[in-house]
Every structure is written in C-alpha cells, then in structure tokens.
Amino acid sequence: MDLAPWVLFLFFTLFSNLSVASPSSMSRYVIQVEDPVQPLTKGSLRRWHESFLPPSVKASGVDRRLLHSYSDVFNGFAAMLTEEELQAMGKKNGFIRAFPDRVLRLMTTHTPDFLGLKVGSKGLWNDSKLGRGVIIGVLDSGVTPGHPSYDDEGVPPPPSTWKGSCELETGCNNKLIGARSMIASGSPPVDEVGHGTHTSATAAGNFVRNASFFGFAKGTAAGIAPRAHLAIYQVCGSDGSCNSADILAGLDAAIKDGVDILSLSLGGRSKPLDQDLVAIGSFAAARKGILVSCAGGNDGPNYYTVTNAAPWILTVAASSVDRSFRASVKLPSGKVIPGESLDQPSDFPESSLPLYYSIESPSCDMDPPDDSHRGSVWVCEVERGSLVRVATFAKSHGARALISISSKIEGATISIRKMDFPGVVLTIQEGSDLISYLNSVSNPSASIVFDGTVLGVSPAPVVAFFSSRGPSQATPGILKPDISGPGLNIFAAYIHSSDTPDQYKIISGTSMATPHLSGVAALLKAVHPTWSPAAIRSAIITTADADVSDELLEPALNFAKGAGHVNPNKAVDPGLIYDITDDDYISYICGKFDEEGARNIVRGVVDCSKSMTEEELNYPSILLAPKGRAEAKVTRMVTNVGSARSSYTVSVTISETAVSATVTPKTLTFTELNEQKSFTVSAEWGAGGPPTSGNQFVEGKLTWTSDDDKYVVTSPLVVSALGVM
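Residues numbered from 1 in each chain as written. Predicted model: local features only at pLDDT ≥ 70, side-chain atom pairs only at ≥ 80, totals over all residues. Heavy atoms only, no water.

K.L.:
Mind showing me how you'd approach the overall build of the protein chain here?
P.N.:
When helices and strands are tallied, the protein chain shows 17 helices and 34 strands. Relative to the globule expectation of 27 Å for 725 residues, the C-alpha radius of gyration of the protein chain, 27 Å, shows essentially globular dimensions. Expressed as lengths along the three principal axes of its C-alpha atoms, the size of the protein chain is roughly 85 × 65 × 55 Å. Within the protein chain, the 74 negative side-chain charges are centred at a point lying 3 Å from the centre of the 59 positive side-chain charges. (Helix = DSSP H or I, 4+ residues; strand = E, 2+ residues; numbered from the N terminus. Rg over C-alpha atoms; globule rule 2.2 N^0.38 Å. Lys, Arg positive; Asp, Glu negative; His and termini not counted. Charge placed at Lys NZ, Arg CZ, Asp CG, Glu CD.)

Right, here's the structure in full:
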C-alpha cells in the first residue's frame, strides 16, 4: 500500500456518497483489508477500518454499522452495508474482499469415569492437578451465572497472563474468570439457549454432588478439567444461530485475553479454507499456541459431511458411553426387548397392556379409525427428530404410553429425548422383533419395565449415527475427523426452566463431544505447558483406542471415528509426537492456495518459496493416494518425548492385500529427549491396480512400538484410489 492510513482516511471521507441507507436494504459483511503500513493502537485501528466506510455510513451512525474491528485473527472488520456501499468500498485501495456474514449452527456425571479420569487414582487427573492454571475459552450461546458448575471452590486465581474481562452483572470468580458478549445486543452474555452452559460445564465444570436430570444420571457432576478456568464468549443468539462475524470477534478477543484452549461447538457446511472465517481465525489462534477444538458436524451418517476440518483444528466426532437409561418391552412369552427412556414414571403399571400398531400408519401420523385403541400402548416407527411430536399426538388420542422404533438411519444408537409421556425408544434392530410379534398375534400386549440408569453397557463406544463423516471436502488429503469423544446422551449443566428445574440436561451432538476433547487438551496443557497445539493433537490421535463400532455395530471406519476414541491417560505420555511448525502450515497453505491466496489466511507478508501438499504435512494420521501402479511416498518426522534413550520398531497392517505399504527405516533409535527422527511411508496398488468402484479407501495402521513395550504410537493409515491430493 502506497498511502499512509490517515491520508487514505481523508481521501475516503471527501469522496464518498452521502446518501442514507434504510436498515431493510443492509446486510452483514466481513471485510478483509490489507495491513496498515504501520502498527496501530486499538483506537487507531478502528479509525483505520472506519476509513473504508462511505460517508453514508456516518450519516446513519458508525457505531451502529461497524460491528467488529478485528486485530489478532484477521485484517478487517464487520459492518452492516448496502450492496451499493459494498461496491463502492470494493474500489478503494487496500480492500481485498468481502464475506457475506454466514450463519452457523450450534452443533457430566459419568463421562470422566468412562474416560478413565478418577479422583485419587494415578492418571491424567492426578498429573494435571485437574487442569489447574489452564484457561479454556468457549465460544457459544453464553453462560448461566450462579450455576453450581461454575462454583470456584478449590480453583486458584487465574494466571497473570489473563487479560480478559467480565460483563456479568453478578461478576465472575476463579472458575468463571471472564464472560463477554460479541453480539451487538448490548446485553450481558447470559445463556438463553442452554447450549453454551452445557458445553462449558462439560469442558471444565466444577464438582457438583447429587446432580441429576429428573433422577437420571444421579451422581457427582464434573467437567473433564474441573480445576481449569473458563472464559465465555457469547457468539450465538437466543435462536441458536451464530454469525461468522461474531465468531471471528470471539476468536479475536480470546487471543488477546490469553486463553490456552478454544472450544467451538458450532459449524456449517464445509467451505474452502480461504473462505472459512472459523478456519482463518483458528489459524491465528494456533500460531499463538492455542489449541482449537471444533465439532465435526451432525450430518452423519453420510460421508463427505465433516466440517471444521482445517489441519490446525482438532476435529471431533461423537460416540457413545457405557451408560443407558434403560427401559424394556417385555412380551407375554417372557422375551425382553431392551431400549431407553427419559420418561420412567414410578407409578406406571407393571402388568401387560394392549398394544396398538397401525399398518396403514406405522409412523403414527394419521388419526386412528375409532376410539377402541384409547388406553393402549402405541407402537410407532418414528423418523429422526419426530419423537416429541409423535408422543404428543399419541397422548392426544388417549394412548397410555409410547413405544418408539427409531429409523433405519439411526442404527443401534439412540439419541434420547424427554417427551413428557411414558415410553421407551427401541433401535430398529430391536424394534423388528416387536413388529414380528405384532404381526403374529391378533391381540398383542406387552409390559414396559423401567430400570433407570444402568452403567457398563456394551458395546461402547459406538460412533453416533448423526456424527459427520469424512473425507473432508475442504481438506481431502487429511484424515478427518481426528478423534471421537463422548457425544451421545451427555449429562451436563443447563439453564433453569420448567423442563430443567435441576439445571441439568441430557443432550446429544458433536457439540457435546467437542468440550470433552477441549477438557482433555486442557489437562495435557497443564502437564506439558510448552507443547504446541499440534503436539497435543498428535498425542491425542496416536494414543486413541481404535476398537470402535459404527451405528450398524460394524467396525467404524477412520472417516467416522477418526483415530478412535480418546484415551486421556495414554495421551499424557505418548512416547513420540508428530509436531507441525507455523512454517509447515504456511508451506501447506501456499501449496494449496498459492501466494496470493495464502495472504488471505496467513496475514502480512507470505514467503511461498516452499510449499507442500496435504499428504506431505507432518500430520499424525497418513492418507496416501497412489495413482495407477505408481508408488505414493511421504515423509514423517517424530519427536521423542518419552524415554531419553529408546528405540522403536515399526509395524504396518493393511486391511486388504490389494495394497502394499512399507516404512523405511524399520527402527528409530533416540539418545535424548526432543530428538527428532524421520521416516518414509510408501504405498502402491497390487497387480490389479486401484479399485474402480465400491469402497475406494483401504484402511490400515502404522505403529511404532518401543523396545520395552511401554509406548505404542499408532497412526491411522488410509490408501485412497481417488485423486484427492
């Protein structure tokens, strides 16, 4: 840029249209501009951004039209503009591009125990002092002041690096150290949705005894990092929508405030990284040493649906835990068909009741022909998301209870909801047994048995049907999601309402899985404060438990489960890590978007003299795409963080003989901590060449095992027949 900022400011002020726009003709935009020629203070930076606005904006009030002025994550600002104002702005020196503001979606008592985190036992909780001293920033729908999960008993004051503020009328404390609203309402960041309270408490809620949801999941509630600090950034409104301009402002504020971990349980459809403001803002956070954990999306089980898939983001899938809210259907023969329910009245009759099932309307969307079925237990095949509606319909027609059979797409996973009506939800597999019985007798009957909360159920973990799958459309050469964590029927804090009088609720989503991983990352950060975000992500990926089923109870593919289910106690001491530097990321961005495109993500001067493909990035998971009969080869480098003097031997397993994969060298020997060693991985198709139809991905794993068997460092290995690189 040739002109100094203030010269440009005067120039734009003198030569712009002075017309006043009506609010109905304006839209929200995020404007990217070039760096000012010299560093500016906060006030000067805002005036620099104001210099891009036409005088018509001044006429209607700059404060109302300039929504956010970004400094740390992005060169630019957010503003309300007409199409004409935007076109005029686009002609000004220093303007780069405009993003129409995008609306994204908001995507516990037992889960710490399920993850092996226990008070008084050896492991990560003990090693990390429960996450003491780490700050988790949560971008979501706000916070519920005064909730017992935010009590600061046992939590020390925040570290001196904390620079944030509190906008709550009730103030903050050592647990909830900051709360700000990025929404232009001017109101305090009080959660009106419940989502933000649930996610933040899952990540770092304090211990709360005798917590429950209508008697279910009763016990001591705790987040994954119960002694970590929470900083809340409200970026989602009361309708659950989250504008990308506000999210970017939250990221900007969190970086300046000094958070260590960022947790974002929100997202939208996948977009190219240079057009994805969450990816751009998260890259700035990663360069500051902040790990960003994001929801992978709730658009499963379809493939190519995963979102938030930038390589500097920890992308999280959702899986089940070994807890069931057990309710069963008992047939006259004595056969018991297991299901789940959050509606288990203690006074429900134990005797058999008549069943009503309509062949003409199996989904119960038609009025019954007469009143003869009043007092019966209705059996309905319920589509995804329709449980409460069907329960209300059945109740209105005099049903005594509801037996809901889930849809085929949901498989063996039940995302349970309270329907304020006695009932039980069956999977389609279990429901088929009930349908067979109904079709075999003229006067069917059954009893419903309520067993409350049951632990130790199997199989678990199972990837939830709704959890989005890879490959990523934005980063097809990187295996995404990275990891799975508890996200099905998760109990955590919630806002107070008639539906949640105890201020706790059980809900599902990758939104719930994400703060589990954010909490794990905080625990690892407490033990290893110098580790980079990439190192923490590597430790989580290479120590995951790979034995995970999908919703059909088949072995889950890596594109569904990531590396597997998180194992916090193994992740704290992984042996080897795959680290990635800022320069590596920049080389990757250059290879993907060239120098001009890289500036849109990296900011400032970009040196693209070095570039690399997605497959060449030093990622802990490996995806290769050999073309034809040619060999595909990549290099990886590991850093020794285990025993100073150690040796590791590699093994490679692959699921099909149509592919061969080799690693060179076979052994890595280390003589000191933080020593780095490189190896190459190659893969090629067999004599038949790559598959041309059906499943075009072959899965395997690459494992480095230390000579003393203390460390087992596993990387998912996927060989693709598609030209995804």
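Moving on from the coordinates now.
K.L.:
Whenever I open this one, the state of the cysteines confuses me. Can you help?
P.N.:
Two cysteines joined by a covalent bond between their sulfur atoms form a disulfide. All told, the structure shown has four disulfides when counted by the stated rule. Two residues, C166 and C172, share a disulfide whose sulfurs are 2.1 Å apart. Residues C166 and C172 share a disulfide whose torsion about the S-S bond is about 80°; that sign makes it right-handed. C172 sits in the partly exposed class, given a relative accessible area of 29%. Here the bonded cysteines of the protein chain are numbered in sequence order, and their pairing is 1-2, 3-4, 5-6, 7-8. The thiol of C294 is unpaired, and the distance to the nearest cysteine sulfur, on C242, comes to 12 Å. (Disulfide = S-S within 2.5 Å. Buried < 20%, exposed > 50% of the residue type's maximum accessible area, 1.4 Å probe, protein only.)

K.L.:
So what exactly am I meant to see when it comes to unusual backbone geometry here?
P.N.:
Negative phi values dominate among residues other than glycine, just as trans dominates among peptide bonds. Cis geometry marks the peptide bond from A460 to P461; its omega dihedral reads 5°. Position of P461 among the secondary structure elements: in the loop between β22 (445-455) and β23 (483-486). With omega at -5°, the peptide bond leading from T664 into P665 counts as cis. Following the sequence through the fold, P665 ends up in the loop between β30 (659-664) and β31 (667-670). Positioned with a positive phi, L130 is a non-glycine residue whose angle comes to about 65°.

K.L.:
Whenever I open this one, the sheet that holds strand β11 (residues 241-243) confuses me. Can you help?
P.N.:
Backbone hydrogen bonds are what pair the strands of a sheet, in a parallel or an antiparallel way. Read from one edge of the open sheet, three strands run β11-β5-β13, paired in antiparallel fashion. Looking at strand neighbours, the two that pair on one side only are β11 and β13 (266-267), the edges of this open sheet. In terms of strand pairing, strand β5 (residues 103-106) meets β11 through three bridges, oriented antiparallel. Looking across to β11, one finds that L104 is bridged to C242. Its contacts with the sheet put helix α9 (residues 244-257) on β5, β11 and β13, and the angle it makes with β11 is roughly 70°. (Pairing = 2+ DSSP bridges. Contact = heavy atoms within 4.5 Å. Axes fitted to C-alpha atoms, helices over the stretch in contact; angles between N-to-C directions.)

K.L.:
Please clarify how the pattern of salt bridges should be interpreted in this entry.
P.N.:
It is possible for side chains bearing opposite charge to pair when their charged atoms get close. Scanning the model with the defined rule gives 19 salt bridges in all. The partner of K118 in a salt bridge is D113, and the shortest N-O contact between them spans 3.8 Å. D113 sits in the partly exposed class, given a relative accessible area of 37%. Salt bridges sharing common partners tie together R28, D101 and D246. (Salt bridge = Lys/Arg side-chain N within 4 Å of Asp/Glu carboxyl O.)

K.L.:
Quick question: what am I supposed to make of the environment of L115 here?
P.N.:
Counting through the fold element by element, L115 comes out in the loop between α6 (111-114) and α7 (124-128). A sequence separation of 401 residues divides L115 from H516, and the C-alpha atoms of the two residues are 9.6 Å apart.

K.L.:
Please clarify how the layout of surface pockets should be interpreted in this entry.
P.N.:
Gaps between atoms show up when a probe of the same size as a water molecule is rolled over them. As a volume, the second largest pocket reaches approximately 610 Å³. Together, 29 residues line the second largest pocket, and A544, A546, K701, T703 and T714 are the ones closest to its centre. Breaking the lining of the second largest pocket down by element, the ones donating at least two residues are α14 (533-542), α15 (558-561), β29 (646-654), β33 (697-706) and β34 (712-720). Taken together, the residues of the lining of the second largest pocket sort by class into twelve nonpolar, nine polar and eight charged. (1 Å grid on protein atoms, 1.4 Å probe; cavity = no way out; pocket = protein on both sides within 12 Å on 5 of 7 lines; lining within 4 Å. Points joined across faces, edges and corners; volume = space filled by probe spheres on them. Nonpolar A, V, L, I, M, F, W, Y, C, P; charged D, E, K, R; others polar.)

K.L.:
Please explain the packing of aromatic side chains as it appears in this structure.
P.N.:
Aromatic rings in a pair are described by how distant their centres are and how their planes are angled relative to each other. Overall, the coordinates contain 19 aromatic pairs when judged by the stated rule. Look at F283 and Y585: their rings are 6.2 Å apart centre to centre, the planes differ by 90°, and that puts the pair in the edge-to-face class. Separated by 302 residues along the polypeptide, F283 in helix α10 (residues 277-287) and Y585 in helix α17 (residues 582-602) bring together distant segments of the chain. One exposure class covers both F283 and Y585, and it is buried. Among the aromatic residues, ring-to-ring pairing joins F283, W312, Y585 and Y588 into one connected group. (Phe/Tyr/Trp six-rings, centres within 6.5 Å; stacked < 30°, edge-to-face > 60°.)

K.L.:
I keep staring at a nonpolar patch on the surface and nothing clicks. Help me out?
P.N.:
Residues Y303, Y304 and L557 make up a contiguous nonpolar surface patch of roughly 260 Å² in combined accessible area. On the secondary structure map, L557 appears in the loop between α14 and α15. Among the residues examined, L557 registers a relative accessible area of 30% and is labelled partly exposed. (Patch = residues over 30% accessible without salt bridge, like charges linked within 9 Å, V, L, I, M, F, W, Y side chains within 5 Å. Areas by Shrake-Rupley, 256 points an atom, 1.4 Å probe, with all protein chains shown as cover.)

K.L.:
How should the pairing of strand β1 (residues 27-33) be read in this particular structure?
P.N.:
Taken residue by residue, a regular strand's side chains alternate between the two faces of the sheet. Buried residues dominate β1, accounting for five of its seven residues. Across six bridges, β1 lies against strand β3 (residues 76-81) in antiparallel orientation. Pairing of Y29 across the sheet is with A79, part of β3. Sheet analysis places β1 next to strand β4 (residues 95-100), joined by five bridges and oriented antiparallel. Opposite V30, over in β4, you have F99 as the bridge partner.

K.L.:
How should I be thinking about the sheet that holds strand β28 (residues 632-640) in this particular structure?
P.N.:
With antiparallel pairing, four strands are arranged side by side in an open sheet as β26-β28-β32-β30. This sheet does not close on itself; its edge strands, each paired only once, are β26 (576-577) and β30. Direction of pairing for β30 relative to strand β32 (residues 676-685): antiparallel, over a ladder of six bridges. Considered in β32, the bridge of V663 is made with V681.

K.L.:
It is not clear to me how the environment of L45 should be interpreted in this structure. Could you clarify?
P.N.:
Among the secondary structure elements, L45 is positioned in helix α2 (residues 42-50). Each C-alpha atom of the pair L45 and F77 lies 10.0 Å from the other, and the pair is 32 residues apart in sequence. In contact with L45, not counting residues within four places along its chain, are L40, S69, Y70 and S71.

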